[in-house]
Amino acid sequence: MDCNRLNVYFIMGTVNCKKDPLKTLEEALQAGITCFQLREKGEGALIGAAYEEFARACQKMCQSYQVPFIVNDDVELALKLNADGIHVGQEDLALSTFREQAKGKIVGVSVHNSREMKQAILNGADYVGIGPIYRTKSKTDAKPPAGLPFLSAMRKQAGNFPIVGIGGITEENASAVRSSGADGVSVISVICHSKDIKQTVENLLLENIN
Ligand SMILES: Cc1ncsc1CCOP(=O)(O)O
Ligand SMILES: C=C1C=NC(C)=NC1=N
Ligand SMILES: [Mg+2]
């Protein structure tokens, strides 16, 4: 996976949005997010036909902006929609099974320590999500904030393997996350709660990509 794709990796579910989630996604895509993950979970999350319909609407929008459409955890839906990839946690299925069913798709894995990262890389992940870097309110069962030193240590171990930082990332701390070794920043609330999504995404983007 081209690590520039991870530059600004927006994650959203209907639960995270105060205003219309599709409008939020459209504005974020127009502003230049480089990757999108549908993460529909938590109290009041869509299920069944409504969930699938929403997912298809998000996918269609991402396609019109040539932005990868990644599905969190739900491998079955990802396969059904022929999504561009999945993102799974440690508890989700073995990557090998997904790999068999979805050749050439993006596979991202959440990791919290060096053993998990080593395993994810060996299992053929395309990138790892490392965090939470800072305190987050968007994931109820998040582990304690790991901080920048942890991210730097993981970068040292990973060589130039694609890494995206996640957890409490804002316009103010995004550059510190990048200089600590992340190829990009993955965010939920800073975009979902933004009053000016265009400005927010611009402030998060690392412009002069080589
Ligand atoms: C999905 C996830 N994994 C670790 S923290 C987190 C939530 C990130 O949300 P926010 O950007 O609002 O802190
Ligand atoms: C938990 C996560 C960690 N990293 C990414 C990119 N997505 C997630 N859902
Ligand atoms: Mg999961």
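For the structure itself, consult the block above.
Each value, and the rule that gives it
- Residues numbered from 1 in each chain as written.
- Chains lettered and ligands numbered in written order.
- Predicted model: local features only at pLDDT ≥ 70, side-chain atom pairs only at ≥ 80, totals over all residues.
- Heavy atoms only, no water.
- 1 Å grid on protein atoms, 1.4 Å probe; cavity = no way out; pocket = protein on both sides within 12 Å on 5 of 7 lines; lining within 4 Å.
- Points joined across faces, edges and corners; volume = space filled by probe spheres on them.
- Helix = DSSP H or I, 4+ residues; strand = E, 2+ residues; numbered from the N terminus.
- Nonpolar A, V, L, I, M, F, W, Y, C, P; charged D, E, K, R; others polar.
- Near = heavy atom within 4 Å.
- Polar contact = N/O pair within 3.5 Å; in protein donor to acceptor, adjacent residues only side chain to side chain.
- Areas by Shrake-Rupley, 256 points an atom, 1.4 Å probe, with all protein chains shown as cover.
- Sits in = over half its atoms within 2 Å of the grid points.
- Pairing = 2+ DSSP bridges.
- Axes fitted to C-alpha atoms, helices over the stretch in contact; angles between N-to-C directions.
- Contact = heavy atoms within 4.5 Å.

Enquirer: Would you explain the layout of surface pockets in this entry?
Expert: Unoccupied space between atoms shows up once a probe the size of one water molecule is rolled over them. In this model, the largest pocket occupies a volume close to 1,100 Å³. As for the largest pocket, its lining consists of 47 residues, of which Arg39, Thr136, Ser138, Lys139 and Ile188 are closest to the centre. Counting only elements with at least two residues in the lining of the largest pocket, the list comes to strand E1 (8-12), strand E4 (85-88), strand E5 (106-111), strand E6 (127-130), strand E7 (163-166), strand E8 (184-187) and helix H8 (189-192). The residue inventory of the lining of the largest pocket, partitioned by class, reads 15 nonpolar, 20 polar and 12 charged.

Enquirer: Would you explain the site of ligand 1 in this entry?
Expert: Near ligand 1 the following residues occur: Arg39, Pro132, Thr136, Ser138, Lys139, Ile166, Gly167, Gly168, Val187, Ile188 and Ser189. Glycine 168 places a main-chain nitrogen or oxygen 2.8 Å from an oxygen atom of ligand 1. Contact distances for ligand 1 include 2.9 Å between an oxygen atom and a backbone N or O atom of isoleucine 188. Protein contact buries 93% of the 380 Å² of open area that ligand 1 shows by itself. Judged by the fraction of its atoms near the pocket grid, ligand 1 is located in the largest pocket.

Enquirer: Honestly, the sheet that holds E6 in this entry has me stumped. Any pointers?
Expert: Whenever strands of a sheet pair, they do so through backbone hydrogen bonds, lying parallel or antiparallel. In spatial order, the strands read E1-E2-E3-E4-E5-E6-E7-E8; together these 8 strands close into a barrel with parallel pairing. Here the average twist between neighbouring strands, direction ignored, is 25°. Here 4 bridges tie E4 to E5, and the two strands are oriented parallel to one another. Bridge pairing links glycine 85 to isoleucine 106 in E5. Taken strand by strand, helix H1 (residues 21-31) contacts E1 and strand E2 (35-38), and its axis lies near 175° from that of E1.

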